[in-house]
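# Structural overview for review
Residue-level listing of the chains:
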Amino acid sequence: MTADIKTPCPICTNTISNSILASRQNIPTLQNVALRSHNDAVNFPTGTLTMMRCSNCSFVWNADFQQDKISYDDGYNNDVTYSGYYVAHLEKMADRIINSVPKDKPIHYVEVGCGEAGFLRLVVERANGRCKTAIGFDPSFTGEENLPEGAVVHKTFFGPEQVKLVPDETNIICSRHTIEHVPDVHSFVSALAAPMTTEARKLFIETPDANWILKNTAFQDFFYEHCSIYTPESMETILNEYGLESNTYAAYDGQYMWTEAKLSSKQSSPEIHIEQNLAAEYIEKSTSMLDEWKRFIHERSQYGPIAVWGAASKGVTFTLLLSEMLKKDTGITCAIDLNEAKQDCFMPISGTQIVSPKAAQNMGVATVIIMNPNYADEIESMTADMGWTPKIAILND
């Protein structure tokens, strides 16, 4: 498929004045993979990225996404719980869910796209006995031995056939960082909305905010796995279509949005306001920002090796884009990550080696580019404790 500006929006079908935000060829179909050999890394499967923005509801999607190119196998690893900042975020969101249920009421929890059920366990633990049932849905789940007592995970995608598996007593349905991976937006949202049959049930959704990406020129946040990126406006639009009213709040210092929805008592469609200038501003600024980072890396290469800190999606995308713009001897030497399962592995397509902080220090890394500004304080503290004084730059600071 080759997208053009008349490609209809998956949410509202609008074809008028949609924008192409980014077009990229030969990008890895998965970013959060631990590849043990350089050969496997540089020969990893690729796809095409054509990120579009709807002028009517502001939804952002990859018009060239192909579902059959995605396979979440044992090599997939998106664990970021090595960061204290991220753990604090998880705890805050778990508490928000728990506190949404009156203290004198039990919690009956369902999570769609629960992964290895880490967040499900956290909710159960922090509920201090109030969570009476916990049920997850995820086809890639393998961690039965780590489930809380009585919890169950169904190893399946969540769709119309799975709605009957939601217990009648359920009062919380949660889906974190799943909706952005699903190209058929109406099928998935209709399935999420189907069990929302009483006002006592609450639906919580956490996902990246496309408005934050555009406002912060976060070009590294467009990658193949995330084929459907919502805004508060597009989320409200699609939930309303399935009978839900919602409120959306900024989370994770604005990078994520946290939506709380319930059965709607309203009959009218919501009035939404779209910042139409965001697309044009992003397109202009993303080109100049890439050029600025190219110049920075070229200039810093004379002082010694350069590393990105963060070998997840942001780091994979940033490294690939810059490696295509720079000569091999003036580019990024390695990627640093605290996730031990990724260390001594390689990033897809660019083949950049992933190392521990200590290994990077021993390599003489003189410049560190932090991929996520949320982790800057803890990274700077860690390097100081190591007696390591590289030049530190922060993406989207």
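Residues numbered from 1 in each chain as written. Predicted model: local features only at pLDDT ≥ 70, side-chain atom pairs only at ≥ 80, totals over all residues. Heavy atoms only, no water.

### Some words on the overall build of the protein chain
In terms of helices and strands, the protein chain carries 10 helices and 16 strands. Taken over C-alpha atoms, the radius of gyration comes to 21 Å for the protein chain, in line with the 21 Å a tight globule of 397 residues would show. Dimensions along the principal axes, computed over C-alpha positions, put the protein chain at roughly 65 × 50 × 35 Å. Buried positions account for 56% of the 397 residues belonging to the protein chain. If you take every contact in the protein chain between residues at least 6 apart in sequence, the share linking residues at least 24 apart comes to 72%. If you average the places of the 31 positive and of the 50 negative side-chain charges in the protein chain, the two averages end up 2 Å apart. (Helix = DSSP H or I, 4+ residues; strand = E, 2+ residues; numbered from the N terminus. Rg over C-alpha atoms; globule rule 2.2 N^0.38 Å. Buried < 20%, exposed > 50% of the residue type's maximum accessible area, 1.4 Å probe, protein only. Contact = heavy atoms within 4.5 Å. Lys, Arg positive; Asp, Glu negative; His and termini not counted. Charge placed at Lys NZ, Arg CZ, Asp CG, Glu CD.)

### Focus on the layout of surface pockets
Volume-wise, the second largest pocket comes out at about 340 Å³. Lining the second largest pocket are 19 residues, with E245, S246, N247, E260 and K262 sitting closest to its centre. Those elements that provide at least two residues to the lining of the second largest pocket are strand 8 (202–208), helix 6 (232–241), strand 10 (244–251) and strand 11 (256–263). With 5 residues, strand 10 is the single largest residue contributor to the lining of the second largest pocket. When its residues are assigned to classes, the lining of the second largest pocket shows 5 nonpolar, 6 polar and 8 charged. (1 Å grid on protein atoms, 1.4 Å probe; cavity = no way out; pocket = protein on both sides within 12 Å on 5 of 7 lines; lining within 4 Å. Points joined across faces, edges and corners; volume = space filled by probe spheres on them. Nonpolar A, V, L, I, M, F, W, Y, C, P; charged D, E, K, R; others polar.)

### Structural notes on the nonpolar core
Ranked by size, the top nonpolar core spans 50 residues in total, and within it F219, F222, W293, I297, F318 and L322 carry the most contacts. Counting residues per element, this core draws most heavily on helix 7 (residues 277–300), at 8 residues. Leaving out residues up to four positions away in the same chain, F219 has contacts with R24, Y282, M289, L290, W293, T317, F318, L321 and L395. Membership of the second largest hydrophobic core comes to 44 residues, among which are M93, A94, I97 and Y252. (Core = buried A, V, L, I, M, F, W, Y, C linked by side-chain atoms within 4.5 Å.)

### Considering the sheet that holds strand 16 (residues 391–394)
Overall, parallel pairing links the 5 strands, which are arranged 14-13-12-15-16 in an open sheet. The open sheet terminates on both sides in strands that have one partner only, identified here as strand 14 (353–355) and strand 16. Neighbour to neighbour, the strand axes of the sheet diverge by 30 degrees on average, direction disregarded. With 4 bridges connecting them, strand 15 (residues 367–370) and strand 16 associate as parallel partners. By the bridge assignment, V368 is partnered in strand 16 with I392. Across the sheet, helix 10 (residues 376–385) lies against strand 12 (306–309), strand 15 and strand 16, angled at about 170 degrees from strand 16, the strand it touches most. (Pairing = 2+ DSSP bridges. Axes fitted to C-alpha atoms, helices over the stretch in contact; angles between N-to-C directions.)

### Description of the pairing of strand 4 (residues 107–112)
In terms of burial, strand 4 is a largely internal element, 6 of the 6 residues being buried. Of the two faces of strand 4, both are covered, the one formed by I107, Y109 and E111 as well as the one formed by H108, V110 and V112. With 6 bridges connecting them, strand 4 and strand 5 (residues 131–137) associate as parallel partners. Directly across from H108, in strand 5, lies its bridge partner T133. In this fold, the crossover linking strand 4 to strand 5 by way of helix 3 (residues 118–126) has right-handed handedness. Strand direction decides the pairing type here: strand 4 and strand 7 (residues 172–176), joined by 3 bridges, are parallel. Note on strand 7: the bridge partner recorded for E111 is C174. (Right-handed = clockwise from strand over helix to strand, strands pointing away.)

### Things to note about the pairing of strand 2 (residues 46–53)
The buried fraction of strand 2 amounts to 6 of the 8 residues, a majority that puts the element mostly inside the structure. Where strand 2 lies against strand 3 (residues 60–62), 3 bridges are found, and the strand directions are antiparallel. Within strand 3, the position partnered with M52 by the bridge is W61. Linkage of strand 2 to strand 3, two consecutive antiparallel strands, is achieved through a turn of 6 residues, within which S58 is found at a positive phi near 75 degrees.

### Some thoughts on helix 4 (residues 185–193)
Among the 9 residues that make up helix 4, 7 are buried, leaving the element largely enclosed by the rest of the structure. V185, H186, F188, V189, A191, L192 and A193 are the residues of helix 4 that are buried. Considering only its buried residues, helix 4 is in contact with strand 4, strand 7, strand 8, strand 9 (228–229), helix 6 and strand 10.

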